[in-house]
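Analysis of the macromolecular model
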Amino acid sequence: MNILTIPLRNTRKKWVKTLLLLVVFSLGVTSIVSLNYVSSVVGESLEKKLTAFGANILVMPKSEKLTVSYGGFSMGDMLLGVTDLSESEVMNKVTSIELKDRIAVVAPKLVAMAQVDGATVGVVGVRWEKEKTLKGYWALNGEYPTTPDGVVVGSKAAARLNLKQGDSLELGGAPVTVSGILFPTGSDDDSVIFAGMDFAQATFGTPDRVNFVEVAALCAGCPIEDIVHQLQEALPDTEIQALQSIVKQRMYSVNFVKQLILTVSIIILFIACCMVGVTMLSSVNERIKEIGLMRSLGFSRKGIFGIFCFEAMIIGIGAGAIGYLGGFALSLEVLKILDMAEDTTLSFNGGDMALTCLFIVGVSVLSAFFPAWKASSIEPSEALISL
Amino acid sequence: MLEAKNILKTFHSEGVVTHALTGVDLTVNPGEFVSIVGRSGSGKTTFLNVLSTLLAPDSGEILYGGEDVTSFSAARLNQLRQKDFSVVFQFHYLLPYLSARENVLLPYMRGLAPVSKDAKLRADACLERVGLAGKGSKIPGHLSGGEQQRVAIARALVKESTVLFADEPTGNLDRETGESVMELLADLKNDGLSIVMVTHDDEYAARADRVIRMADGAVV
Ligand SMILES: Nc1ncnc2c1ncn2[C@@H]1O[C@H](COP(=O)(O)OP(=O)(O)OP(=O)(O)O)[C@@H](O)[C@H]1O
Ligand SMILES: [Mg+2]
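Summarised in this report is the structure supplied together with it. This one's a predicted model, so the numbers in the text were calculated from it and none came from an experiment.

Observations regarding the packing of aromatic side chains
All names here are of chain A. Taken as a whole and judged by the stated rule, the model has 13 aromatic pairs over all chains. Measuring from centroid to centroid gives 6.0 Å for Tyr37 and Phe328, while their planes differ by 80°, and the two rings are edge-to-face. In this pair, Tyr37 sits in helix 2 (residues 15-51) while Phe328 sits in helix 10 (residues 301-337), placing the two residues 291 residues apart along the sequence. Residue class for Tyr37 comes out buried when judged on its relative accessible area of 13%. A centroid spacing of 6.0 Å and a plane angle of 65° characterise the contact between Tyr324 and Phe348, whose relative ring orientation is edge-to-face.

So this is what it looks like as C-alpha cells:
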C-alpha cells in the first residue's frame, strides 16, 4: 500500500469507464500501428514497382562543347575530350558507394550506327539481365536472346527494316538473328536494335568500352542528391546527371502516401489525447473533495499530480500494448487481403512494442497534465466546500 | 500552544464581499477541549479552516509551538497536516474505493514508501477504539452514517496528532450515534489531545472545557 494504491483502486472501481477509455484509445493505437505497418510494406513494394519505370541517374563521359566560328561564320560545335567509359570500372565504383543498397540496377550502354539493307539504324549494346530489370515494362514478341548473336528489334525499326522474329541480318559485318520484336514503348527504344554487350563491343568498339551507364536508384527514403554526390566522388572523370523530374515524381507518390498516413495518425492520436484529457478533467472535478481531503491529510501537490498522471499511465500502458498487438494482427490481415503477405518482411518485434507502449504512455500522461495540474492546484478548503 | 491573533478573512465572490472573520483571537492550551458555537454564517467553519491551515487568512497570526504557521512554506504546511493537526469534517469524505482500514491508513499513503507494519497495527487499534473492530475490510458504501463518521475519526486519530479540529462532527448523525462520537472525543481529550470543535448543539458544546461564541465573524 502506497500512493499508487489510490489510482490503482480508483481505476479498478470505475472499471466501466476505464474499459471504455481503454477500448477507444486501443482502437486508436491499433489503427495507427496498422496504418504505419501497411504503408511501410506497401511503400516498399511501390518503390520496387516504381523502379520498373527505368533509370533515374545517368553516368556519362565528361565533355566540353566548344562553338567554333570564324569571321562571324559559325562552323558548328566541336565536342572536346569525349572519351568512353570503362564498363568494369564504372560497375565496380557504382556498386561500392556508401548508398549502394539504394541502387537497384546499373545498366551500361554502347551506342553505334549500322547499315541494314542500305538504311542507317542505331544499335545499342546492352547487358540483357540488367536491361530486363531496368525496363520491367518491356514486352517482347518472341524472346530475349540466349546466344551472343541474338538481337531484339524496336517496333519502329522492325517496321522500317521489315524484320520479324527469326530473321537473319548483318550488323557491322557480323551475322545476327532477331530473337524478338519489342512491343511499342513510346520511347527511343522503338527505333533501335538492341544487341548483346559483348557482341556490340567486339563489332563496334573495343572490349570494356561503353558510352554511358544508366542507374536506377530507390529514392523514396533517401535524397537523390546524396547518391549523385557519392557517384561523382567515386567517378570524378564522369558526368553524373540525375533525372530530377522522374525522381521527384517517384518520391512524390511514395511520400504522398506516407504523409497522408502520418496526418491521419496524428489526427487519431490527437482525438485519443482529447479523450484522455476530457475524461481526466471530469474525473478531477468529480473527485475534487477527495483531493481536498488528501491535501488536508498532508498530501503534497506533487503527490496529487502524480496520482492523476499515474492513472493516465495505466491507460497508456494498456492501450499501447493492446493497440500494438491489435495493429500488428490487423496489418497481417490487411496485407493478406492486399495479397502482399508473402513479400513482406513484417515480423513481430518486442522492441517496437515496447517503444509503442512508451510513446503512448508519454502521450497519455501528457494529455493528463492539465487536469492533473488543475487537481494539484486546488486549495484544500475550497475543494472541500465545492459541490 | 495554539494561538490565533487578530485573524481577518474576507471573501469576494461574484461581486459579494463577505467579512467572514473580523479580528478573531483564541488560545488553546495543551489538552484543552474548546467548543465554538454561533449562528449559521457567523464564521465558525471559516475560523476552524484557518486554524487548521486549510485556509489562509488575509492577516493575523497563528502561533503553533511558538512559530507563525501562516508564513510556513508549502512543504512545512504539508508536514503539519501530516502529523500535528487532524481534521474531522461534518461529512466523512471517505474514499469510496478504499476499505475502511485503508481509509484510516490514507495519511500514510502519501508517498511511494509502503505503509509500515506499525501504522497498520495502529490503524487496527484506532478502528477498535471507535468501535469498528472487524469492519475494517468493508468499503464506506457498506457502512452506516455513524460508522462512516467513526472511520473518519479513526483516520484522524491514527496520526497521533496534538490538535484535533472537528467541524460539526455530529451534524449528520442521530442523537444516539452523536452521543457515541461525543464520548469518543471526551475520551481522546482525557488522553491529552487538544480539541477544537464547532457545533450547533448547546448540550454537546457544554461538555467542553470552554465554550466560545461567535457572531458576525468575531468572538463575543
Ligand atoms: N469560499 C467562500 N466564498 C465566499 N463566501 C464564503 C466562503 N466561505 C464562507 N463564506 C461566507 O462567510 C460567512 C461565514 O461562513 P462560515 O461557513 O464560516 O459560517 P458557519 O458559521 O460555519 O455557518 P454554519 O453554521 O452554517 O456552518 C458566510 O456568510 C459565508 O457565506
Ligand atoms: Mg460551518
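From this point on, the discussion continues.
So, the sheet that holds strand 3 (residues 33-38) of chain B
All names here are of chain B. The six strands are arranged 6-7-8-3-9-10 in an open sheet whose pairing can be described as mixed. The sheet is open, and its two borders are formed by strand 6 (85-88) and strand 10 (218-219), each paired with just one other strand. Two strands pair when backbone bridges link them, and strand 6 and strand 7 (residues 163-167) are joined in this way by four bridges, in the parallel orientation. Bridge pairing in strand 7 links Val88 to Ala166.

Section: helix 7 (residues 224-234) of chain A
Ile224, Ile227, Val228, Gln230, Leu231 and Ala234 of chain A are the residues of helix 7 of chain A that are buried. The arc enclosing the buried residues of helix 7 of chain A, seen along the axis, measures out at 165°, which places them on a common side.

What to know about the site of ligand 1
In the vicinity of ligand 1, 15 residues are found, and the nearest of them are Ser40, Gly41, Lys44, Thr45 and Thr46 of chain B. Two or more chains meet at ligand 1, and those chains are chains A and B. Here Ser40 of chain B contributes a side-chain N or O atom positioned 2.5 Å from an oxygen atom of ligand 1. For ligand 1, whose free accessible area comes to 630 Å², the fraction covered by protein is 68%. Considering every element that reaches the shell around ligand 1, the biggest residue donor is helix 1 (residues 44-51) of chain B, with three residues. Looking at the shell around ligand 1, its residues break down into three nonpolar, nine polar and three charged.

Quick notes on the rules
- Each chain has its residues counted from 1, running along the sequence as written.
- By the order in which they are written, chains take letters starting at A while ligands take numbers starting at 1.
- Two thresholds apply to this predicted model, a pLDDT of at least 70 for residue-level local features and 80 or more for giving and counting side-chain atom pairs, whereas whole-chain, interface and lining totals are computed over all residues.
- The basis for the side-chain values is all heavy atoms of the structure; hydrogens and waters are excluded.
- For Phe, Tyr and Trp, where Trp contributes only its six-membered ring, two rings pair if their centres lie within 6.5 Å, and the inter-plane angle classes them as stacked under 30 degrees, edge-to-face over 60, or tilted in between.
- Working definition: helices are DSSP H or I runs of at least four residues, strands are E runs of at least two. Numbering for both runs from the N terminus.
- Each residue gets one of three labels from its accessible area relative to the maximum for its type: buried under 20%, exposed over 50%, partly exposed in between, using a 1.4 Å probe on protein chains only.
- Any two strands with at least two DSSP bridges between them are considered paired.
- The directions from the helix axis to the C-beta atoms are what the arc is built from.
- By convention in this text, a residue qualifies as near a molecule or strand provided that one of its non-hydrogen atoms is within 4 Å of it.
- Under this definition, polar contacts are N or O atom pairs within 3.5 Å; protein pairs additionally need one hydrogen-donor-capable and one acceptor-capable atom, and for neighbouring residues in sequence, both atoms have to be side-chain atoms.
- The accessible surface values rely on the Shrake-Rupley method and a 1.4 Å probe; as for residues, cover is taken only from the protein chains in view.
- Think of it as three bins: nonpolar holds Ala, Val, Leu, Ile, Met, Phe, Trp, Tyr, Cys and Pro, charged holds Asp, Glu, Lys and Arg, and polar takes everything else, Gly as well.

Everything listed here is a matter of coordinates, which is why it stays silent on function.
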